[in-house]
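# Descriptive structure summary
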Amino acid sequence: MAWTFVVVFSNYVKPLKIADGSLMFRFRAIDLRTFGVAMFEAAGCIREDAITVIDHLVESSLFGHDSHGSLRMYEYIDQIQAGTFNPKGRPRIERERGV
């Protein structure tokens, strides 16, 4: 199933012009969170899990680690669609041992 997301943000921050002349759009954290939660819920995630995941991704971006942040949203959604990630999966401890 192909997903198409149309995003309209009325309050995006002025885009940055990057070296090759293209524009990089920046969005407020609250807008990314709102969009991200909706995206993960649409993919089948439980709302609380969607909030947890997107909060970590947006926070990583806010700290300047985009490669571990909001850029991963589409990758994770693709992996849910491919069946690699179970959107309703629950973590469990397989074994405990010292470090």
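The rules we used
- Residues numbered from 1 in each chain as written.
- Predicted model: local features only at pLDDT ≥ 70, side-chain atom pairs only at ≥ 80, totals over all residues.
- Heavy atoms only, no water.
- Core = buried A, V, L, I, M, F, W, Y, C linked by side-chain atoms within 4.5 Å.
- Buried < 20%, exposed > 50% of the residue type's maximum accessible area, 1.4 Å probe, protein only.
- Helix = DSSP H or I, 4+ residues; strand = E, 2+ residues; numbered from the N terminus.
- Contact = heavy atoms within 4.5 Å.
- Patch = residues over 30% accessible without salt bridge, like charges linked within 9 Å, V, L, I, M, F, W, Y side chains within 5 Å.
- Areas by Shrake-Rupley, 256 points an atom, 1.4 Å probe, with all protein chains shown as cover.
- Salt bridge = Lys/Arg side-chain N within 4 Å of Asp/Glu carboxyl O.
- Axes fitted to C-alpha atoms, helices over the stretch in contact; angles between N-to-C directions.
- Nonpolar A, V, L, I, M, F, W, Y, C, P; charged D, E, K, R; others polar.
- 1 Å grid on protein atoms, 1.4 Å probe; cavity = no way out; pocket = protein on both sides within 12 Å on 5 of 7 lines; lining within 4 Å.
- Points joined across faces, edges and corners; volume = space filled by probe spheres on them.
- Arc of directions from axis to C-beta.
- Parallel < 35°, antiparallel > 145°, perpendicular 65-115°, else oblique.
- Left-handed = near helix turned anticlockwise from the far one by under 90°.

### Things to note about the nonpolar core
- Counting residues in hydrophobic clusters, the biggest one holds 15 residues, and the most contacted among them are Phe40, Ile54, Met73, Ile77 and Ile80.
- Elements with a minimum of two residues in this core: α1 (29-42), α2 (47-62) and α3 (72-82).
- The element that contributes the greatest number of residues to this core is α1, accounting for six residues.
- Once residues within four sequence positions are removed from consideration, isoleucine 80 is found in contact with Phe40, Ala43, Cys45, Phe85 and Pro87.

### Some words on a nonpolar patch on the surface
- On the surface, Leu16, Ile18 and Met24 cluster together into a nonpolar patch covering about 230 Å² of accessible area.
- As for its placement among the helices and strands, methionine 24 is situated in strand β2 (residues 23-26).

### Quick word on the packing of α2 against α3
- The geometry of α2 relative to α3 is characterised by a closest axis approach of 10 Å and an angle of 145° between their N-to-C directions. Along its contact with α2, which presents Val53, Ile54 and Leu57, the element α3 presents Arg72, Met73 and Tyr76.
- Across the contact of α2 with α3, the residue classes break down as five nonpolar, no polar and one charged.

### Some words on the pattern of salt bridges
- All chains considered together, the criterion is met by six salt bridges.
- Note that arginine 47 and glutamate 41 form a salt bridge whose closest N and O atoms lie 3.0 Å from each other.
- By relative accessible area, arginine 47 is classed as partly exposed at 43%.

### Examining the layout of surface pockets
- The computed volume of the second largest pocket comes to approximately 180 Å³.
- For the second largest pocket, the full set of lining residues is Phe40, Cys45, Asp49, Val53, Tyr76, Ile80, Phe85, Asn86, Pro87 and Gly89.
- Those elements that provide at least two residues to the lining of the second largest pocket are α2 and α3.

### Remarks on the environment of glutamate 48
- In this fold, glutamate 48 is placed in helix α2.
- With a relative accessible area of 53%, glutamate 48 lands in the exposed category.
- When the C-alpha atoms of glutamate 48 and valine 37 are compared, they prove to be 9.0 Å apart, with 11 residues separating the residues in sequence.

### Brief notes about α3
- Among the residues of α3, those classed as buried are Met73, Ile77 and Ile80. For α3, the buried positions fall inside an angular range of 55° around the axis, keeping them on one side.
- Next to the buried residues of α3 lie α1 and α2.
- Of the residues one or two after α3, glycine 83 is the one with positive phi, at around 90°.

### Describing the packing of α1 against α2
- For the pair α1 and α2, interaxial distance at closest approach is 9 Å and the crossing angle is 140°. Between α1 and α2, the angle is such that the two are oblique. Relative to α2, the crossing made by α1 is right-handed. In this structure, α1 contributes Ala29, Leu32, Arg33, Gly36, Val37, Phe40 and Glu41 to the contact, and α2 contributes Arg47, Ala50, Ile51, Val53, Ile54, Asp55, Leu57, Val58 and Leu62.

These results come straight from atomic positions and should not be treated as a statement about function.
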